[in-house]
Structure formats: structure tokens, C-alpha cells
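# Overview (structure and organization)
Listed below, chain by chain, are the residues.
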Amino acid sequence: KFGAVRVVKRVAGVKGIADDIQVRLSDSDVRNDGDIASAALKHIERSPLIPAGSVRVMVSEGWLTLEGDEEWWYQRQAVEDTVRYVAGVKGVINLISIKPKLMFSEVKTSITSAFERNALLSTKNIKVEIAGNKVLLSGHVRNFVERDEAERAAWSASGVYSVDNQLMVGCCNDASSCA
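In this convention, every chain numbers its residues from 1, walking through the sequence in written order. Where local features are concerned, this predicted model is filtered to residues with pLDDT of at least 70; where side-chain atom pairs are given and counted, the filter is 80 or more; whole-chain, interface and lining totals use all residues. Side-chain numbers come from the whole structure's heavy atoms, not from hydrogens or water.

So, about the environment of G13. Working definition: helices are DSSP H or I runs of at least four residues, strands are E runs of at least two. Numbering for both runs from the N terminus. By the secondary structure assignment, G13 is in the loop between α1 (2-9) and α2 (33-46). Residues G13 and V169, 156 residues apart in the sequence, show an inter-C-alpha distance of 8.8 Å.

See the structure below:
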């Protein structure tokens, strides 16, 4: 399910995705929720990217719900990536919060610098607004890859709790000529 959506996002011209895929496990992959939770916790404990004891896992009908606090977005994403392919998992709901230890004063500078260093981004049509620890991305990008890369760059800045990615896909070279 996850892989299919990821592949479709990379197809040129795709502006929206209706994800109605339902995961049906073969009999050999069906596990009870307790076994799934135990396996997920073991995978999390083995990951060098995830601080010990920072994540709680709940499982209901094969769906994992992740809760807790991480300092960085990459840690939040690492937890999800670590448990996504545990046998028996139908899907992951990631409710992990970002709670950084650093100040927010340089967040916008950090994000715009990350944009400038990234060869996949054309930054002239991307606007970054900071409200405390929240980032709003607006404007136009050429494709989903550029949209996702802009969001990744915003999350990479220290002090970011949330990113509201309102970037529109389907831009030409400047905002005035976008459809």
C-alpha cells in the first residue's frame, strides 16, 4: 500500500491520489495484535536512530499507532520506517510529536539554506512562513518529488514541531503561469 502510493506520486502529471487500497494478509502473515506489538517494540529497540523509551506502540486489528516525543523529525520518521514492514502490520498511524531542545530563532534561515543546497528544489516559487515552532510552506512546485523534498527540508530544521505543506503541484517556471 505504502509503496504503491509512493510510486504513483513520482509519476509526472499526477496531481491527486485516491488511495483505496486495502491490505489483506495471507494466512501465513496474520498475527495477533500482541505479537505485532511485541515485534514492533523489538525493532524499535534495535534501531540506533530512536532514543530508548521514547515511543509507545498500540495495535488494533493490525494497525499500529505510534505515540511519544522525539527531538528531530528524522527520528519520528525512523520509528515509522522501522515498524512499517513488521509481519502482520496493515498500516501505521504516526502520532509522534516533535519536541526539540533548541531555540526557534534561526528556523527560517535554516530552512531556506537547506532549500538552496538542495538540487531537487526550485525555490523561487516557495514561500516559508514561521509561526513559533510551526512552518507553513506555500506556493507552487513542479511535481510531488519537489513538494516532498521541500517538506523534508523544512522538517530538517531544528525546532520545527509541525510543517503545514500547502505547496501546489503543477507549476511551470513561475507562479503567474501555473495552472
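A few words on the layout of surface pockets. Detection works on a 1 Å grid of protein atoms alone, calling trapped sets that fit a 1.4 Å probe cavities and calling open sets with protein on both sides within 12 Å along at least five of seven lines pockets, with lining residues defined by an atom within 4 Å of a point. Grid points are joined across faces, edges and corners, and a volume is the space filled by probe spheres set on the points. Of the voids in this model, the largest pocket is the one considered here, and its volume is about 1100 Å³. Lining the largest pocket are 34 residues, with F2, K9, Q77, E80 and R84 positioned closest to its centre. Residue contributions to the lining of the largest pocket peak at seven residues, all from helix α5 (residues 144-155). Following the grouping adopted for this structure description, the nonpolar residues are Ala, Val, Leu, Ile, Met, Phe, Trp, Tyr, Cys and Pro, the charged ones are Asp, Glu, Lys and Arg, and the polar ones are all others, Gly among them. Counted by class, the lining of the largest pocket contains 15 nonpolar, five polar and 14 charged residues.

Moving on, we get to the packing of helix α4 (residues 107-117) against α5. In this analysis an axis means a line fitted to C-alpha atoms, helices contributing only their contacting stretch, and an angle means the value between N-to-C directions, from 0 to 180 degrees. Running from amino to carboxyl end, α4 crosses α5 at an angle of 140 degrees, the nearest separation of the two axes being 8 Å. What the angle tells us is that α4 and α5 run oblique. Note that α4 runs across α5; the crossing there is right-handed. Here α4 contributes I111, A114 and F115 to the contact with α5, which in turn contributes A150, A153 and A154. Among the residues forming the contact of α4 with α5, the class breakdown is six nonpolar, no polar and no charged. Just so you know how the angles are binned, under 35 degrees is roughly parallel, over 145 roughly antiparallel, 65 to 115 roughly perpendicular, and the rest oblique. Handedness of each helix crossing follows the sense of rotation of the near helix against the far helix: counterclockwise by less than a right angle gives left-handed, clockwise gives right-handed. Whether two residues are in contact is decided by their heavy atoms, any of which lying within 4.5 Å being enough.

Let us look at the packing of aromatic side chains. Stacked, edge-to-face and tilted labels apply to pairs of Phe, Tyr and Trp rings (six-membered ring for Trp) whose centres lie within 6.5 Å, assigned for plane angles under 30 degrees, over 60, and everything in between, in that order. Enumeration over the complete set of coordinates arrives at two aromatic pairs. Measuring from ring centre to ring centre gives 6.5 Å for W72 and Y74, while their planes differ by 35 degrees; the resulting arrangement is tilted. To sort residues, take the accessible area from a 1.4 Å probe on protein chains only and compare it with the maximum for the residue type: under 20% means buried, over 50% means exposed, and anything in between is partly exposed. Residue W72 is classed as partly exposed on the basis of its relative accessible area, which comes to 24%. The interplanar angle of 15 degrees and the centroid separation of 6.2 Å between the aromatic rings of W73 and W155 together place this pair among those described as stacked. With a gap of 82 residues between them, W73 in helix α3 (residues 73-83) and W155 in helix α5 connect regions that are remote in the sequence.

Turning to the pairing of strand β5 (residues 126-131), a few remarks are in order. Looking along a regular strand, one sees side chains alternate from face to face of the sheet. Between any two strands, pairing holds if DSSP finds at least two bridges. Sheet topology places β5 next to strand β6 (residues 134-141); six bridges connect them, and they run antiparallel. Along β6, the bridge assignment pairs E129 with L136.

Moving on to a nonpolar patch on the surface. Taken together, the side chains of W63, I93 and L95 present a nonpolar region at the surface, about 260 Å² in accessible area. For I93, a relative accessible area of 38% corresponds to the partly exposed category. Residues forming no salt bridge and having over 30% relative accessible area are the ones grouped into patches, like charges within 9 Å of each other and nonpolar side chains (Val, Leu, Ile, Met, Phe, Trp, Tyr) within 5 Å. Surface accessibility follows the Shrake-Rupley procedure with a 1.4 Å probe radius. Residue values consider only the protein chains on display as shielding. Only one rule defines a salt bridge in this text: a Lys or Arg side-chain nitrogen within 4 Å of an Asp or Glu carboxyl oxygen.

Moving on to the packing of α2 against α3. The geometry of α2 relative to α3 is characterised by a closest axis approach of 9 Å and an angle of 130 degrees between their N-to-C directions. Judged on the interaxial angle alone, α3 and α2 are oblique. For the pair α2 and α3, the crossing hand works out as right-handed. Of the residues in α3, those touching α2 at A40, H43 and I44 are V79, T82 and V83.

These results come straight from atomic positions and should not be treated as a statement about function.
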